[in-house]
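Reading the structure
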Amino acid sequence: MLNYTRVEELSQSTALAYGILQIDIEQLTLCLLHDILPKLLLGVSKRNNLVDPRGRALAVLTAQCIAAAHVLHCTRKGNSSPVRRGRKRSRRDIEVEDCDESIKPGKIRKIAEDQPHPLTLDSEGFNLEFIYNADEPASPTFDRKVPLNRALVNLFKIFSLVVSDSSVSQKTWFVLSFMEEISKCGADVSKFILQFIPGTMIIQLLKCFPNDVRVGFVLNTCDLSSVTGRKTAARAICQQARTCRKRDTT
């Protein structure tokens, strides 16, 4: 597949490769993550295989294979587990809902109006050091017995090593392309994959590609439902704001 250079040929070869991998999508995806990608990312002789559009095609294939393997694993796991019926709401659930309903929008507006001067990114004295230096919660839990999970942990360790390099290369472009393709795999699949991303990797990508990593990319990549994800997103957005301010002043 990586021998082609034309976009049309790469598109056809990627679709053909994805179809062939369906023969045993789980095991072949593990081969892709354990063997092929580390050799391309850590080796020197084959780095030209990651030059776009070949790098982008490989990123598309990798994201599609991971998504298919994850969906298949979840389907098998769901079929093997007993059927769970819906449970009745407990008194605690009802009390929580009543408490949420008691907080009227008018009260929220009144609280906001009472604040003297809301802080913004451009406010004097705005500081997020308490976010950077706060104690990080425990890393996301996942089943380490699942081979795909272990493979993704190792893959993102390699990605972090690649983007930590100060120079931008075909390898760093591949990491960015892969991250962009993840968001196209659906909310459930992308959330599953993104849980393995180290918190510092987004910041490193922003340093490598200050003009390409936008706020939308940060919000799609960070898990805003977790404390760590919100901290990472806040730090990345603030760093991007500083970069844009420096660029405008020069």
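An account of the accompanying structure is given in this report. On a predicted model such as this, the values are computed, not experimentally measured, just so you know.

Along its 13 residues, helix α8 (residues 170-182) runs 18 Å from first to last C-alpha, staying within 8% of the 18 Å computed at 1.5 Å per residue. Counting buried residues along α8, ten of its 13 residues qualify, which places the element largely inside the surrounding structure. Within α8 the residues assigned to the buried category are K171, T172, F174, V175, L176, S177, F178, M179, E181 and I182.

Where nonpolar side chains cluster on the molecular surface, the patch consists of L16, I20, I23 and L28 and spans about 410 Å² of accessible area. Secondary-structure assignment places L16 in helix α1 (residues 7-21).

Over the atoms rolls a probe the size of a water molecule, and its path tells where empty space is left. When its volume is computed, the second largest pocket comes out at roughly 230 Å³. Looking at the second largest pocket, the residues that line it are M1, L2, A17, I20, L21, L28, C31, L32, I36, L40, L58 and L61. At the level of secondary structure, the elements contributing two or more residues to the lining of the second largest pocket comprise α1, α2 (25-42) and α3 (54-80). The greatest single-element share of the lining of the second largest pocket, amounting to five residues, is contributed by α2. Taken together, the residues of the lining of the second largest pocket sort by class into twelve nonpolar, no polar and no charged.

Another point: the packing of aromatic side chains. A complete count under the given rule lists six aromatic pairs for this structure. Between F156 and F159, the ring centres sit 5.5 Å apart and the planes meet at 90°, which makes this aromatic pair edge-to-face. With F156 and F159 both in helix α7 (residues 147-163) and three residues apart, this pair spans about one turn of that helix. Residue classification places F156 among the buried residues on the basis of a relative accessible area of 1%. An aromatic cluster of three or more residues is present, and its members are F156, F159, F174 and F178.

Moving on to the packing of α2 against α7. At their nearest, the axes of α2 and α7 sit 10 Å apart, and the two run at 10° to each other. Classified by the angle between their axes, α2 and α7 sit roughly parallel to one another. In the crossing of α2 with α7, the sense of the turn from one axis to the other is left-handed. For the pair α2 and α7, contact is made by T29, L30, L33, H34, L37, P38, L41 and L42 and by P147, L148, A151, L152, N154, L155, I158, F159, L161 and V162, respectively. Its residues assigned to classes, the contact of α2 with α7 shows 15 nonpolar, three polar and no charged.

This next bit is on the side chain of T14. With respect to the element layout, T14 can be found in helix α1. Relative accessible area serves as the criterion here: at 6%, T14 is assigned to the buried category. Beyond its immediate stretch of four places on either side in the chain, T14 contacts M1, A57 and L61.

Our focus in this paragraph is the nonpolar core. Ranked by size, the top nonpolar core spans 56 residues in total, and within it L152, F156, F159, M179 and M201 carry the most contacts. The greatest single-element share of this core, amounting to ten residues, is contributed by α7. Setting aside its immediate chain neighbours within four residues, M179 contacts F156, L194, I197, M201, I202, L205, F217 and T221.

Inspection of every chain in the model, using the stated rule, returns five salt bridges. Close ionic contact of E8 with R6 constitutes a salt bridge, the shortest N to O distance being 3.9 Å. Here E181 makes a salt bridge to R56, at a shortest N to O gap of 3.0 Å. Of this pair, E181 sits in helix α8 while R56 sits in helix α3, placing them 125 residues apart in sequence. Here the residues in one salt-bridge network are R56, E180, E181 and K184, joined through shared partners.

The rules behind the values
- Residues numbered from 1 in each chain as written.
- Predicted model: local features only at pLDDT ≥ 70, side-chain atom pairs only at ≥ 80, totals over all residues.
- Heavy atoms only, no water.
- Helix = DSSP H or I, 4+ residues; strand = E, 2+ residues; numbered from the N terminus.
- Expected span 1.5 Å × (residues − 1).
- Buried < 20%, exposed > 50% of the residue type's maximum accessible area, 1.4 Å probe, protein only.
- Patch = residues over 30% accessible without salt bridge, like charges linked within 9 Å, V, L, I, M, F, W, Y side chains within 5 Å.
- Areas by Shrake-Rupley, 256 points an atom, 1.4 Å probe, with all protein chains shown as cover.
- Salt bridge = Lys/Arg side-chain N within 4 Å of Asp/Glu carboxyl O.
- 1 Å grid on protein atoms, 1.4 Å probe; cavity = no way out; pocket = protein on both sides within 12 Å on 5 of 7 lines; lining within 4 Å.
- Points joined across faces, edges and corners; volume = space filled by probe spheres on them.
- Nonpolar A, V, L, I, M, F, W, Y, C, P; charged D, E, K, R; others polar.
- Phe/Tyr/Trp six-rings, centres within 6.5 Å; stacked < 30°, edge-to-face > 60°.
- Axes fitted to C-alpha atoms, helices over the stretch in contact; angles between N-to-C directions.
- Parallel < 35°, antiparallel > 145°, perpendicular 65-115°, else oblique.
- Left-handed = near helix turned anticlockwise from the far one by under 90°.
- Contact = heavy atoms within 4.5 Å.
- Core = buried A, V, L, I, M, F, W, Y, C linked by side-chain atoms within 4.5 Å.

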